Amino acid sequence: MAETRTAAPGLSTTTRPPTPGDAPRRTGPFVRGRDRVRYAVVMVLLTVLAVGFTAGILAYDNPMPVGSDGFWRIAELRATSVAVILVVAFCHAFATVSFQTATSNRIITPSIMGFEALYVVVQTGAVFVFGASGVAMVTGTTQFLLQAALMVVVATMLYGWLLSGRFGNIHVMLLVGVILGGGLGSLSTFMQRLLTPSEFDILTARLFGNIGNADAAYLPYAVPIALLAGGALWWRARRLDVLALGRDAATNLGLHHQREVIVVLVLVSVLMAMTTSLVGPMTFLGFLVAMLAYQLADTYDHRLLLPMAFLLGYVVLSGAYFVLRHVFYAQGLVTVIIELVGGLTFLVVILRKGRL
Amino acid sequence: MIELVDVTKTYGTETTIGPVTTQIPAGGITALIGPNGAGKSTVLTMIGRLLRPDQGSITVGGHDVSATPSLTIATILSILRQENHFITRLTVRQLVGFGRFPHSRGRLTPECERHISEAIDFLDLTALEHRYLDELSGGQRQRAYVAMVLAQDTDYVLLDEPLNNLDMQHSVQMMRQLRRAADELGRTIVIVLHDINFAARYADLIIAMNEGRITEMGPPAQILTEDILSRVFHTPVRVIEGPDGPLAVYY
Ligand SMILES: Nc1ncnc2c1ncn2[C@@H]1O[C@H](COP(=O)(O)OP(=O)(O)O)[C@@H](O)[C@H]1O
Ligand SMILES: [Mg+2]
């Protein structure tokens, strides 16, 4: 060999001698100090907004004098809405960011791929197939848990298969997902038309909740389950960072890619089952908050992305709810508005990128 | 040593790669050459367990790549594919930092930081380490990817056409640096190369593939003949004596 051998068996060829003034070279989620500052500022602002909207929902236009018994009773009733918003924002944010990471794609989301539609079909199918006894099957809490479990199994199998790379092509996958979502929705509608009115009544009460009249009875289950699933994702955050690099790079770095993706899918479907059971489908909320979180946090680090997406989700939902319910008295529009804004953002992102 | 026994992969109904049976010795640089579609990438990705062979077995340093846990393999072998694209926006240093994941599981130690800095310097990216990948030229990005697998600090390094997009200076630099990694650090490097002359100059062993099979294997002096090269590349190739050994001429 012509090259001269250096004494130290290190890799470096062109290392400049470290000058004394140099800060040690470090690797971190932010490149410049000001990115870190921006992240902190955004988080503080979001927290302030979140606290403000929460206070607004609890106290605004409360007819009783502040601090009286009646005041607290009304506030307590409204606190249920706050809890529901917390769960929904948490589920959509964690599920969407994790799902996009597992699929290495920032366009598709669990909602767009029909996770919620699947949940609705499972519910409707139970009533449809088992009739009156099926009604009992969708109402109790054990049943609620069983159905969530069924949904998780079906979703994991279906989407695990869909995402297994068989369809390698993202366009095909998105198409299949959208058609699946739409098809499952129509299937549910069809079955619902064949139900007796009383069965239908119970089912709709179960399925089409909104933030104002979500079934609070499920909260004691939905909250811990969502926390467990979200916690599991949080615990795997560092693997999620690697998973986002895609199948080949993640495998090279020692992840069992398929196993990781399946685990994430299971957790995502648990979260989606919890939010759907409370307020029904919301197609674009997850997309909206995940995209905003990527833009605002601008880092690969899921331990920074996930909390920001959650806070964003809470601020968006609670803000819309507060303004529409208490200021405009139009609470039914909350999901409509969010879907509109989220859907428009989705279109803008696709059009601007010019590809999927 | 990398050992392949009867390794076969079939795509669809007509394309079959293999059966390939061969041994790649530990230490030094082995170059995989052959025309487009010969199956070089397929064989390399199967060795790197990114693609599961339909038949046959592959061992790297005595570990069966399909039976050994992925994380264990990741400390022995690293692989860089021909095409790379990430959804996450990363800087050079963040990307190279991911190369330490098999050792640190994401909690970078001072030792990791040292490896990262060395890999970055090794590929001449020191001044660019805090630039985002989407702000780099194709060649600079390619070097960042190579830095990532070098930071992984594995005995075996598999590279699929790493000279893609590199200019003359950086191609030569990269090959020299890989040569040093092999000589000084005892790495085993398997590399798919487009340019036969780079293979001749820097590799210890050349494996030529054609239509899914290995057709020739030997040290550069043995492969660099007009007869063999014309057959491998399906085009007339002349071999002349250059200043540093034989040169293939095919323009
Ligand atoms: N995913 C795939 N699906 C179908 N055919 C493929 C796939 N990957 C490679 N092939 C085919 O296998 C053959 C070998 O491909 P490859 O290993 O990439 O060749 P090389 O790297 O030598 O150019 C080619 O004919 C190619 O068309
Ligand atoms: Mg190739």
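Residues numbered from 1 in each chain as written. Chains lettered and ligands numbered in written order. Predicted model: local features only at pLDDT ≥ 70, side-chain atom pairs only at ≥ 80, totals over all residues. Heavy atoms only, no water.

Observations concerning the packing of helix α2 (residues 69-102) of chain A against helix α12 (residues 302-327) of chain A
All names here are of chain A.
Argument step 1. Their axes nearest at 8 Å, the elements α2 and α12 cross at an angle of 140 degrees. One finds that α2 runs oblique with respect to α12. The chirality of how α2 crosses α12 is right-handed. (Axes fitted to C-alpha atoms, helices over the stretch in contact; angles between N-to-C directions. Helix = DSSP H or I, 4+ residues; strand = E, 2+ residues; numbered from the N terminus. Parallel < 35°, antiparallel > 145°, perpendicular 65-115°, else oblique. Left-handed = near helix turned anticlockwise from the far one by under 90°.)

Describing unusual backbone geometry
Residues and elements named next belong to chain B.
Argument step 1. Of note, the phi angle at Asp6 is positive, near 50 degrees, even though the residue is not glycine.
Argument step 2. Inspection of the secondary structure assignment puts Asp6 in strand β1 (residues 2-11).
Argument step 3. The phi torsion at Asn165 lies on the positive side, around 70 degrees, for a residue other than glycine.
Argument step 4. With respect to the helices and strands, Asn165 occurs in the loop between β7 (156-160) and α7 (168-185).

Topic: the coordination of the magnesium ion (ligand 2)
Residue and element names in this part refer to chain B.
Argument step 1. Coordination of the magnesium ion (ligand 2) by the protein is provided by Ser41 (OG) and Gln82 (OE1), with metal-donor distances spanning 2.0 to 2.5 Å. Linking Ser41 in helix α1 (residues 40-47) with Gln82 in the loop between β6 (77-80) and α3 (92-98), this pair joins segments that are 41 residues apart in sequence.
Argument step 2. Look at Ser41 and you get partly exposed, because its relative accessible area is 23%.
Argument step 3. You can call Gln82 partly exposed: its relative accessible area is 27%. (Donors = N, O, S within 2.8 Å, 3.2 Å for Na, K, Ca; no water. Buried < 20%, exposed > 50% of the residue type's maximum accessible area, 1.4 Å probe, protein only.)

Notes on the confidence of the model for chain A
Argument step 1. Here chain A shows a mean pLDDT of 78. Residues at 70 or above account for 81%.
Argument step 2. Segment residues 1-21 of chain A: pLDDT under 50, and 32 contacts once partners within four positions in sequence are set aside and those in other chains are kept. (pLDDT = per-residue confidence, 0-100. Contact = heavy atoms within 4.5 Å.)

Remarks on the interface of chain B and chain A
Argument step 1. Across the boundary between the two partners, chain B contributes 51 residues, which contact 41 residues of chain A.
Argument step 2. For the pair chain B and chain A, the summed buried area comes to about 4,200 Å², and 55% of that belongs to carbon and sulfur atoms.
Argument step 3. Where chain B meets chain A, there are three salt bridges.
Argument step 4. Our count for the contact surface shared by chain B and chain A stands at twelve residue pairs in polar contact (both at pLDDT 80 or more).
Argument step 5. At the level of secondary structure, the elements contributing two or more residues to the side of chain B that touches chain A comprise α2 (70-74), β6, α3, α4 (101-104), α5 (110-122), α6 (138-151) and α7 of chain B.
Argument step 6. The dominant element in the side of chain B that touches chain A, judged by the number of residues it contributes, is α5(B), at eight residues.
Argument step 7. Split by residue class, the side of chain B that touches chain A holds 20 nonpolar, 14 polar and 17 charged. (Buried area = accessible area lost by both parts, 1.4 Å probe. Salt bridge = Lys/Arg side-chain N within 4 Å of Asp/Glu carboxyl O. Polar contact = N/O pair within 3.5 Å; in protein donor to acceptor, adjacent residues only side chain to side chain. Nonpolar A, V, L, I, M, F, W, Y, C, P; charged D, E, K, R; others polar.)

Structural notes on the sheet that holds β7(B)
All names here are of chain B.
Argument step 1. Pairing within the open sheet is mixed, and its six strands lie in the order β6-β7-β8-β3-β9-β10. A strand with exactly one partner marks an edge of an open sheet, and here the two such strands are β6 and β10 (213-218). Going across the sheet, the axis of each strand differs from the next one's by a mean of 15 degrees, ignoring polarity.
Argument step 2. Pairing between strand β3 (residues 28-33) and strand β8 (residues 188-192): five bridges, direction parallel. Bridged to Thr30 within β8 is Val190.
Argument step 3. The strands touched by α6 within the sheet are β6 and β7, with β6 carrying the most contacts at an inclination of about 165 degrees. (Pairing = 2+ DSSP bridges.)

Description of the pattern of salt bridges
Argument step 1. Taken as a whole and judged by the stated rule, the model has 20 salt bridges over all chains.
Argument step 2. For A:Asp301, the salt bridge goes to A:Arg303, with nearest N and O atoms at 3.3 Å.
Argument step 3. We classify A:Asp301 as buried; its relative accessible area is 5%.
Argument step 4. A salt bridge links B:Arg179 to B:Asp183; the nearest nitrogen and oxygen atoms lie 2.9 Å apart. Remark: B:Asp183 and B:Arg179 occur in helix α7; sequence separation between them is four residues, near one turn of the helix.
Argument step 5. The class for B:Arg179 is buried, based on a relative accessible area of 6%.
Argument step 6. Salt bridges here are not isolated pairs; linked through shared partners, they connect A:Asp298, B:Arg89, B:Arg131, B:Asp134 and B:Glu135.

Observations concerning the packing of aromatic side chains
Argument step 1. Counting across every chain of the model gives seven aromatic pairs over all chains.
Argument step 2. When the ring of B:Phe86 is compared with that of B:Tyr145, the centres are 5.8 Å apart and the planes differ by 90 degrees; the resulting orientation is edge-to-face. Here B:Tyr145 lies in helix α6 and B:Phe86 lies in the loop between β6 and α3, a separation of 59 residues in the sequence.
Argument step 3. Looking at B:Phe86, the relative accessible area reads 11%, which means it is buried.
Argument step 4. Feature note: the residues A:Phe90, A:Phe94 and A:Phe310 constitute an aromatic cluster, connected by ring pairs.
Argument step 5. One Lys or Arg, A:Arg106, reaches over the ring of A:Tyr294 and ends 3.6 Å from the middle of that ring.
Argument step 6. Over the ring of B:Tyr202 we find B:Arg201; its NZ or CZ atom is 5.1 Å from the centre of that ring. (Phe/Tyr/Trp six-rings, centres within 6.5 Å; stacked < 30°, edge-to-face > 60°. Lys NZ or Arg CZ within 6 Å of the ring centre and 35° of its normal.)

Here we look at the sheet that holds strand β5 (residues 63-64) of chain B
Residues and elements named next belong to chain B.
Argument step 1. Taken in spatial order, the four strands of this open sheet run β2-β1-β4-β5, and their pairing is antiparallel. A single partner strand is all that each edge strand has here, and the edge strands are β2 (15-24) and β5.
Argument step 2. Here seven bridges tie β1 to β2, and the two strands are oriented antiparallel to one another. The partner of Tyr11 across the bridge, within β2, is Thr15.
Argument step 3. Sheet strands in contact with α1 are β1, β2 and β4 (55-60), and its direction is about 120 degrees off that of β1.

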